[in-house]
Structure formats: C-alpha cells, structure tokens
Amino acid sequence: MKIYNTLSKQKEEFIPIEEGKVRMYVCGPTVYNLIHIGNARPMIVFDTVRRYMEYKGMEVNYVSNFTDVDDKIIKAAIAEGVDASVISERYIEECKKDMRALNVKEATTHPKATEEIQGMLDMIQTLIQKGHAYVAADGTVYFRTRSFKEYGKLSHKNLDDLQGGNRSLLVSGEDQKEDSLDFVLWKPKKEGEPAWCSPWCEGRPGWHIECSVMSKKYLGEEIDIHAGGEDLVFPHHENEIAQSEAANGKIFARYWMHNAFLNIDNKKMSKSLGNFFTVRDIAAKYDLQVLRFFMLSAHYRSQLNFSADLMEAAKNSLERVLTAAERLQGLVKTAQEQAMSGEETEKLAVAKSYMDKYAAAMEDDFNTADAISALFELVKFANTSVDANSSAAFVKEIYDEFANMADILGIILEKKAEVLDEEVEALIQARQDARKAKDFAKADEIRNQLLEMGIILEDTREGVKWKRA
C-alpha cells in the first residue's frame, strides 16, 4: 500500500509503527455553525481510507477532534447571549447528525479541546523548560519557532523567506514577540471569553497546541498518519510538528495526508460570492449518499469542482450501482440452490479480477476514482452475466464482491424505504386486484394514473416494484 506523504512529496510504502495497527489523527471542524461541504470532503475521504485499512484486516485507532473553543464560537455565543459551550455542544451534535447521514463512521475517539486543557498546560510547561517557549509580560506564551531547526519541513517553506519575504504567510504577531515568526501557545482572556487558570495567566490555548495534545493522549507520542485539508499544512500542521517534536523528542507523524480544495462552479467557496453550501443545503435536494459518491469520484489530492450538473451525474451513476445491487439482492433470494457450474466458475474469476483492479487502485494512494471505474465494470458484468438461471452460490459470490466494494466506499446498497401515501398504495393494490381478475384494461388505466402522479411500476418475478419518476 502506497501513500503520498506531504512530508517527502512522494508516494511511500505504508509501514505502520505496530504491525496490523494504525494510529490515525484527522483534524476535525471548529463547531460554531453547521458544517459545509468543504468540511465534508476530508471527513468522507479519510473515512474511506480507514474503511479500506479495516477491510485489509488492520485495527485502526481513528481520532478526530472537535475544536470547541475559538474566536468564531465566542463571537456566535456573544451574538446569542449564551455561554460558548452552548454553541459548541449544539453544533457538535448537528455535525454528528450530518456525519451519520454521510455514512461517516464514528471515530474511535472524538476529543474536545476544552476537555484536554491540563494536557495542554503540561506540554506548554515542558516546552518552556526545554527553552522552546517563553512567557511575555502579559502572560502570553509563545513558541520559539527558530528553536526547532526543522521548522518548514512539511510545508517546504524557508524560515528566512518567511521572515523577510511574504508577510501574509506569518502568524499575526505582537511587539512582545522575540521573533515575528513565533506563534501563540497560550493567550490571556478577553472580557466575555471562556478561560482557564494557568501558571502564566487566566486564558485559553492557542489553536495549534490543541491537536498536538489530543493526538499524544489518544494515540501516543508517535503516530502513523496525520490527515486533513491542504489548507492546514501551513501554519497549523507545521506548528503541530514543531510543538510535538520539540516537547516529545520523537517524530510526530510518519505520514501526512492532505486532501485538495473543493471549488463551487470553478470558484472558491465563499459566503460573499453566494456559493457557500452547508451539508444540510445539499441534503434538501439530494440523498447525502450522492454527495459522498460525488466526493469520491475524484482522487483526494485533486481539486474537485462542485456543480449542479456534476451532482446530477453522480446521482445517476449511484442509481446505476444501487439498481444493480437491488437486482442481485432479488436474485439471491430466488436463485436455485445448486452447485456452481464450470461456466459460472470461469465467470466468477472474471468478476474477481474487477475486485483486483479495485484493490490495486486503493493500494495506489487510495485512488477512489479508479476504484469506482472498477465497480462499474462489475455492475456491467452483473447485469449481463447473472440472471434467474444462475446458481445461488454464484449469485451470492458476485453480490459479496459488490458489497465489499460498496462498503469500502461507504455506499449503502439497501435503498431507503420510502413511504407512499394511502391514495398511491390503494391504487397499486387496485391494479394488482385488476390483474388478478384479468381486467388488463383497468390495470393499464391505473398504471397510467400512477405515472401521472410520478410513480413508475415495474412487474418482476419478485412482485411489483415502484420508483419515483
């Protein structure tokens, strides 16, 4: 299995610290509002990475945090006249609802920053004792960036260039800093802000220290994979490396994975441009399985463009997959219990070759786009090579291959049961009664009536099935 490592800027063979086990940390959202579709991409991508590793038999300790203390949370709390925790807890629950709807598995641990303050105080104290941090006159604690000789190794930025060149790359600084490149570990409280006691001042942690501490507590000082959106490479992940390695004296993470940006109609998503969509906005128009399928249709390191046309295409493609799965599910129930024929054995080898292609794509830096292509080859095969005369053993083998591919991608093959209103149900039953009475003219009349109501009927060996037009 090869992973593109942002640290080395190349694909590397994945070798976990402990054989058969994976320690993986994924930066989670800041919970001040409903999550947007940009937040959804890393959730879906790295959930799929986890699913594939688990399919391979690895035990994945998957940690993804909630940043529940932040300027944006405080601003929202002040606007509503409530405590910051009210805002963060509300949107943690809403985020979890969206994650379930996207079929993103619960993390092994979902730590909250506000519950890990003591660990942050301990790490900051260690950094001060080792000379990597210092306390300013007002109680702010800064990390001495130049004290960590490898600073810039993830983002491939040069300290001198940062110092004298592009000022926009610098973390905002104050006159009390020893160096403009130094960044905050702890800051004094402002009026109306949540705060905690510390040896330096009453205040709260800087953003970067939070993930270093939560990763260490739940995964250990050295982890296998640290992941997130590419916007986190600098300064967030760069600063995490500096803090963690300076404090612990060990390599922080062996592999760094970053997904590319999501654009809307070829433009950066922005509220000012009016192209900002929450996951709930999309859920109002589509089943969120469509959004998940769309997100995986491109390689995670490629920029992905979101548009209405592309979502419709994803919807139609997913429908092909679900329809093929539904057909196989029906055949599994009705197929004859008999030994697989020689011809079926040969066909099964062809079907398994598609799974081999699928696995090869996933082994190559989780290329879900190519994996989905292999899935569609299996869809075409199943539609043309499996029928009512196939043996139960053959049908089940094909369906199991299908189900494995879908599960790794997080696709739920069982279509959601949709409740029809009483009038539609009564008409379907009336048509059934007319067919039994051989009153085919009336049956056709009812079928046409249902069609006008947007209900399409299909007569199958398993009975009458229906779908929305």
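For the structure itself, look to the data block above.
Residues numbered from 1 in each chain as written. Predicted model: local features only at pLDDT ≥ 70, side-chain atom pairs only at ≥ 80, totals over all residues. Heavy atoms only, no water.

Asker: Can you walk me through the overall build of the chain in this structure?
Answerer: Scanning the chain from N- to C-terminus turns up 15 helices and 15 strands. In terms of overall dimensions, the chain has a C-alpha envelope of 95 × 55 × 35 Å along the principal axes. Looking at the chain residue by residue over its 469 residues, the buried ones come to 50%. Long-range pairs, those at least 24 residues apart, make up 75% of the contacts in the chain with a sequence separation of at least 6. Total accessible area computed for the chain in this model is approximately 22,100 Å², and 48% of it derives from carbon and sulfur atoms. Considering the chain, the positive charge centre built from 61 side chains and the negative charge centre built from 77 side chains are found 1 Å apart. (Helix = DSSP H or I, 4+ residues; strand = E, 2+ residues; numbered from the N terminus. Buried < 20%, exposed > 50% of the residue type's maximum accessible area, 1.4 Å probe, protein only. Contact = heavy atoms within 4.5 Å. Areas by Shrake-Rupley, 256 points an atom, 1.4 Å probe, with all protein chains shown as cover. Lys, Arg positive; Asp, Glu negative; His and termini not counted. Charge placed at Lys NZ, Arg CZ, Asp CG, Glu CD.)

Asker: Is there a simple way to think about the packing of aromatic side chains in this case?
Answerer: What describes a pair of aromatic rings is the distance from one ring centre to the other and the angle between the planes of the rings. Here the structure, examined in full by the defined rule, presents 12 aromatic pairs. With 5.9 Å between their ring centres and 45° between their planes, Phe-277 and Phe-306 make a pair best called tilted. Pair noted here: Phe-277 is in the loop between strand 12 (267-268) and helix 8 (279-283) and Phe-306 is in strand 13 (residues 304-306), with a separation of 29 residues, a long-range link. Using a relative accessible area of 24% as the deciding quantity, one classes Phe-277 as partly exposed. On the accessibility criterion, Phe-306 (6% relative accessible area) is buried. (Phe/Tyr/Trp six-rings, centres within 6.5 Å; stacked < 30°, edge-to-face > 60°.)

Asker: Quick question: what am I supposed to make of helix 7 (residues 233-248) here?
Answerer: Burial analysis of helix 7 places 15 of its 16 residues in the buried class, which makes it a mostly covered element. Just past helix 7, the residue Gly-249 takes up positive phi, approximately 70°.

Asker: Would you mind going over the pairing of strand 10 (residues 253-259) with me for this structure?
Answerer: Remember that side chains alternate between the two faces of the sheet whenever the strand is regular. Burial runs high along strand 10: 6 of the 7 residues are buried. Pairing between strand 9 (residues 223-229) and strand 10: 6 bridges, direction parallel. Among the inter-strand pairings, Ala-227 is bridged to a residue of strand 10, identified as Met-257. Chirality of the crossover, the property in question, places the unit of strand 9, helix 7 and strand 10 among those that are right-handed. (Pairing = 2+ DSSP bridges. Right-handed = clockwise from strand over helix to strand, strands pointing away.)

Asker: How should I be thinking about the pattern of salt bridges in this particular structure?
Answerer: Here the idea is simple: oppositely charged side chains can pair when their charged atoms come close. Scanning all chains against the criterion turns up 32 salt bridges. Linking Arg-280 and Glu-94 is a salt bridge whose minimum nitrogen-to-oxygen distance equals 2.6 Å. Residue Arg-280 is located in helix 8, and its partner Glu-94 is located in helix 3 (residues 84-101); the two are separated by 186 residues in the primary sequence. Given a relative accessible area of 17%, Glu-94 falls into the buried group. One salt-bridge network, in which partners are shared between bridges, spans Asp-47, Arg-51, Arg-292 and Asp-407. (Salt bridge = Lys/Arg side-chain N within 4 Å of Asp/Glu carboxyl O.)

Asker: Sorry if this is basic, but what is going on with the state of the cysteines here?
Answerer: Disulfides are covalent bonds that connect the sulfur atoms of two cysteines. Throughout the structure, instances matching the rule amount to 0 disulfides. Not engaged in a disulfide, the cysteine Cys-27 finds its nearest cysteine sulfur in Cys-211; these two sulfurs lie 3.9 Å apart. A relative accessible area of 13% places Cys-27 in the buried class. Free of any disulfide, Cys-201 has its nearest cysteine sulfur in Cys-197, 9.9 Å distant. (Disulfide = S-S within 2.5 Å.)

Asker: Sorry, what's going on with helix 10 (residues 308-334) here?
Answerer: In an α-helix, one turn spans 3.6 residues; hence positions three or four apart end up facing the same way. In a regular helix each residue adds 1.5 Å, so 27 residues correspond to 39 Å; helix 10 covers 39 Å between its end C-alpha atoms and thus fits that length. For helix 10, every residue scored as buried is listed here: Met-311, Ala-314, Leu-318, Val-321, Leu-322, Ala-324, Ala-325, Leu-328, Gly-330 and Leu-331. Each element contacted by the buried residues of helix 10 is listed here: helix 8, helix 9 (288-295), strand 13, helix 12 (368-385) and helix 13 (392-409). (Expected span 1.5 Å × (residues − 1).)

Asker: Would you take a moment to explain the sheet that holds strand 5 (residues 133-135) for this structure?
Answerer: Through backbone hydrogen bonds, the strands of a sheet pair up, either in parallel or in antiparallel fashion. Taken in spatial order, the 4 strands make up an open sheet running 5-6-7-8, and their pairing is antiparallel. Either end of the sheet is taken by a strand with one partner, and the two such strands are strand 5 and strand 8 (203-205). Each adjacent strand pair in this sheet contributes to an overall mean axis angle of 20°, direction not counted. Pairing geometry for strand 6 (residues 141-143) and strand 7 (residues 183-188), over 3 bridges, is antiparallel. Its bridge partner being in strand 7, Phe-143 is matched across the sheet by Phe-183. Contacting strand 5, strand 6, strand 7 and strand 8, helix 4 (residues 117-129) crosses the sheet at an angle of about 120° to strand 7. (Axes fitted to C-alpha atoms, helices over the stretch in contact; angles between N-to-C directions.)

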